[in-house]
Amino acid sequence: MGVRPENGGPGSQQPATLVFQLWRASASLESSLSKQTPASPAGAPSTGQVGLQTALHKSLGGSDARGTSASLVDCGPAGLGAARSQCEGCWCRVSQRRAFTYGKAVIMDKYQEQPHLLDPHLEWMMNMLLDIVQDKTSLPGLVHLAFKFLYIITKVRGYKIFLRLFPHEVADVQPVLDMVTDQNPKDHETWETRYMLLLWLSVTCLIPFDFSRLDGNLSTEPGQAQGPVMDRILQIAESYLTVSDKARDAAAVLVSRFITRPDATHKMAGFLDRTLCSLARSSLQTMEGVITVDGVLQALAQIFKHGKREDCLPFAASVLECLDKCRLSESNQTLLRKLGVKLIQRLGLTFLKPKVAKWRYQRGCRSLAANLTRPAQGPHEQIPPDTASDSDEGYDVPEEVENVIEQLLVGLKDRDTVVRWSAAKGLGRMAGRLPRELADDVVGSVLDCFRFQETNDAWHGGCLALAELGRRGLLLPSRLTDVVAVILEALTYDEKRGACSVGANVRDAACYVCWAFARAYAPQELRPFVNKISSALVIATVFDRDVNCRRAASAAFQENVGRQGTFPHGIDILTTADYFAVGNRSNCFLVISVLIAGFPEYTRPMIDHLVAMKISHWDGAIRELSAKALHNLTRQAPEHSVSHVLPRLLSLTVSPDLHTRHGAILACAEVTYALYKLAAEESRPVTDYLDQKALDGLKQIHHQLYDRQLYRGLGGELMRQAVCILIENLSLSKMPFKGDAIIDGWHWLINDTLRSLHLISSHSRQQIKEAAVSALTALCSEYYLPESGEARPARQGELMGLYLAELQSPEEMTRCGFSLALGALPGFLLRGRLQQVLAGLRAVTRISPKDASFAESRRDALKAISRICQTVGVQAEGSPDDVLCGANVPQVYATLLGCTQDYTTDSRGDVGAWVREAAMASLMELTLLLGRSEPALVGADTLAQVLCCLAQQASEKIDRFRARAAEALVTLLHFDAPPLPHVPHRGELERIFPRSEAAAVNWNAPAQAFPRVTQLLGLPAYRYHVLLGLVVSVGGLTESTVRASTQSLFEYTRRIQDDPRAMAAFSGCLLQVFQDNLRNDRVSVPLLKTLDQMLAHGCFDVFTTEENHPFSLKLLALCKEEIKKSKDVQKLRSSVAVFCGMIQFPGDVRKKVLVQLALLLCHPFPIIRKATASQVYEMVLTYGDEVVGAAALGEVLAVLGDTAWDAALPEVRGQRNRLCELLQVPPPQLVSKPSPC
């Protein structure tokens, strides 16, 4: 089709070149569009925009602005055939074909959210691609690629906008129709082509000329019969309505635009007969039926949307009757139900005359600026609804309208949002054409969606419908009383379903209703409801569980403040609770709520909402936040809290509902403590706020739960945690319960909870443990301290005996709980028993075979030791049973330092890391404590051990623990109140870790940590420990850690290559680490990997100049000892690499290494034999002249490469012995095992 382009156009180039250039255009497009971010304005094009058209135009073979040809290839007819065959071969590869579209798809997808930014470029991009389509010399694959690109643009911008740019003249009808006819509907690879062609054909149907005129110029080839254009278009459209790809959507658009043409209306009856018959025959239970129904519904919906009412009205009743028989509302296909609702509403609009209801509510001045500047109480101009009956008010409403509205009301209760939203819009459009009385009946039916027995779907649909009606002015002010009441309920709608709840969409839609009302009504209409709506929106803004609902409520509140201008303190609240501030739930509950509650209009509604709705919420996090929010809000309304809130909460503590009971107990604890703090500020006792009834109610909570056995079972976990928090807050509130029996009951509960931790679910165990320990601290501090300040010996002995005995429990969690309990005891209970307590905790930290996996108990024991040290304090000459002193400090340090070497592992992984972390934190806290008060107790050797342990942990492989160790090391180094004495190499340490950079370094990042830590290798006091940790990191598995640690280690060894003493010290320390950790796989395996990398990198080249260097001999001996009788494949493979690297050392050590490799070539494991042969082969290639003579080199390589080393050992042994002869080393001899006597 079209005229063949001249030279320089796309058609003059090789097709293969066009394909390549089209792909290149995508790259050019990306580089140009990347300079225009979606946030930049569409006008004033940037440099990338200016060059965008030129880049794609030149890539496609056009001419640039200077008229020079941009064609890359100018080929004659001779080369065209070869290029064409090359291109056709290329298109046979589907993966390559998809690669061409990937680049453009990625570019366009960036503009999905702001597609209008593409508008300045759409026309020329489409023209470039259509040039290829309209060129007859373009290969089919190239044409399909162009249509793929067109589809990508259409997908982003939308077909309604993009189709306007397609050529739609009379001359385009026949070519496009022919191209559509030539397509194969069953080709699943070219559906984009069919989709775009059908859309293009639909545009050509808009030309204002009778299609019958085109039939006179048709040329029919011999043997072919070609029908009229109109029949061909309709036939094509109907055939594509039943395909399974996206061309079905385009066919529906084509049908609607063709059938609604003035010269094609006579075909509507026949088309509708065929489609309705197809609709009646189709089954919704089969995929073919679903596809057919989908295409038909889309076509009908488009026809009744674009068609004239007088053309469609005669068929509307028949279509509605057919839809009723299909029962689409019962289908499980969301799209079909949505299309059904869409078609029904358009049928209803066809039944009703198009008009604007004169009775609708019309707001007058809608200027936001005028609204903000007018006086607060000034009148607001409004256009009242016209109550006079107009000429159309009394016309007969067809009976079918009732059926339509009924189905739309059913659609409001659909289970899918898209269906409900379509039904809501349909009701709004229908009500706008109904008389006032009938429209009011529709509103009443919508309000029935908010009945108690209705589902959350009905509530959501009802909110959407109310918003649509209000936005269109169809909800008259007389209905606002009923509507506002249900909207206020919808703003807090939350219905529990199993372990969660539904209703977030209802609350979000209710916010949308409030937003719509702010724009629809004059301020005086909403003035009676301002306080209720504003309070409800504020509550939803700060107390809703879901962030989208909080933000929706904030937006609705903002709209009301701007449009209505009557919300109390609107601007002040908006500046506090803006879109970003309400994104954090805790910030809303604990901070923003306090600021808003400062305005008296909102204080009580917020408190009452928390008590009525949130403390019984199904989500435990919401209940806890609500209790804390009540604590904060009590200060704003203490009288209300005492007279209404607390009695209500006390009555709920015995509720049969678990969540209500839990939240009420938490709230009682928080409100009571808040009242105590308020009384303390006024130097008054808490009893001035709480009467005897309230005190008795708080005291009876534990007894009531115990008598009803509510501490048992799964619900018992929540009750234990809540009552422990209650005990803590009541103790902190200094309740007058000293000497009361309730104290013993509380203490029993704490002890029983700690003893039963192993029976509590793992996800809540830590929280309950912490609550019990905190409660114990507060309880003992308040109620066990006599007037004399000394603990009663009987009570102290009983408590200590019980807790120390529980430290030997066979249950790990019990040890954890009572260890922390001992650490939480106040100082007066520890006085005289300190040595006994520390001894018991030290026993928990020791590793024995039966409790090696009790890492959590060891961790908590270390935490307890640290906390006890902080509690009792330091006194150099004091008693070891009372305070930290010279007699017990060394024992504490020994325990903590020993735990830094806990590398226990089990099925959970490196559980010893928890112990090491606690030990490092305790070491830092203890050292700082001693440094502040008694620096003399920190000995030089002790401090050196502490710093060395921290340096070792700071060079190991786990990021989190490395960061904790480095931070502790830096903290001790720069502690200056006063500075710690005896810090080894203080000056060098301060240079490596300067105070100015301490806060800026990210110790979790290996690239920042290892270059600094590795410098400690130059300090003799730290070298061993740093190297011990570093080899674990270099030989680890994490790529970032291995890379950073390896580079740092190599950089250090490079700096000391010219310093023999430094190299000798470093190598000796490395061998010492190896020797100390023989058969310790945690260190030895990564150490072998580290040695392999160091040997390969030439770190020990200075030792290769001396034969039989002591380093090489010692290293060989250690490697042999490490792998002796080992069956660890990973260790053996690492040792092979080390042996091959040691070939570079001259002398007898080389022969000994070759003997070891010969032994490994006949290892019992085939995988070791193959790995050894491979490594030796590479070694011989690298060090061939040094290992074997030139004459035998070829045969050595042949033996290594040709032998099947995984064959039977007798076969392999002969080849190994031949290899030994060539290498001039004695072959290993078999040693027969002595026979048993």
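Residues numbered from 1 in each chain as written. Predicted model: local features only at pLDDT ≥ 70, side-chain atom pairs only at ≥ 80, totals over all residues. Heavy atoms only, no water.

Draft legend 1. Summary view of the confidence of the model for the protein. Of the residues in the protein, 87% have a pLDDT of 70 or more, and the chain-wide mean is 86. Note that pLDDT drops below 50 for residues 1-97; the model gives that stretch 145 contacts with residues more than four away or on any other chain. Under a pLDDT of 50 for its full length, residues 376-381 has, in the predicted model, ten contacts with residues more than four places off or in other chains. (pLDDT = per-residue confidence, 0-100. Contact = heavy atoms within 4.5 Å.)

Draft legend 2. Up close: unusual backbone geometry. The step from Ala977 to Pro978 runs through a cis peptide bond, and the omega angle for that step is -5°. If you trace the backbone, Pro978 turns up in the loop between helix H44 (959-973) and helix H45 (986-992). A positive phi angle, close to 55°, is found at Lys734, a residue other than glycine. Note that Lys734 resides in the loop between helix H33 (713-732) and helix H34 (741-755). At Asn1108, a position not held by glycine, the phi torsion is positive, near 50°. On the secondary structure map, Asn1108 appears in the loop between helix H50 (1081-1097) and helix H51 (1110-1123). (Helix = DSSP H or I, 4+ residues; strand = E, 2+ residues; numbered from the N terminus.)

Draft legend 3. View of the environment of Ala998. By the secondary structure assignment, Ala998 is in the loop between H45 and helix H46 (1006-1013). On the accessibility criterion, Ala998 (27% relative accessible area) is partly exposed. Apart from the residues within four sequence positions on either side, Ala998 is in contact with Val970 and Trp1003. (Buried < 20%, exposed > 50% of the residue type's maximum accessible area, 1.4 Å probe, protein only.)

Draft legend 4. Layout of the pattern of salt bridges. Inspection of every chain in the model, using the stated rule, returns 59 salt bridges. In this structure, Glu681 and Arg635 form a salt bridge, with 2.8 Å as the shortest nitrogen-oxygen distance. Within this pair, whereas Glu681 is found in helix H31 (residues 658-681), its partner Arg635 is found in the loop between helix H29 (620-634) and helix H30 (638-652), the two being separated by 46 residues in sequence. Residue classification places Glu681 among the exposed residues on the basis of a relative accessible area of 52%. The class for Arg635 is partly exposed, based on a relative accessible area of 41%. Asp740 is paired through a salt bridge with Lys699; the nearest N and O atoms lie 3.0 Å apart. Here Asp740, found in the loop between H33 and H34, pairs with Lys699, found in helix H32 (residues 692-707); they are 41 residues apart in sequence, far enough to count as distant. Looking at Asp740, the relative accessible area reads 28%, which means it is partly exposed. (Salt bridge = Lys/Arg side-chain N within 4 Å of Asp/Glu carboxyl O.)

Draft legend 5. Layout of the side chain of Thr541. With respect to the helices and strands, the residue Thr541 is situated in helix H24 (residues 530-543). When its relative accessible area of 4% is taken as the criterion, Thr541 is described as buried. One polar contact links the side chain of Thr541 to the main-chain amide nitrogen of Ser554, over a distance of 3.5 Å. Once residues within four sequence positions are removed from consideration, Thr541 is found in contact with Arg550, Ala553, Ser554, Ala577, Val582 and Cys588. (Polar contact = N/O pair within 3.5 Å; in protein donor to acceptor, adjacent residues only side chain to side chain.)

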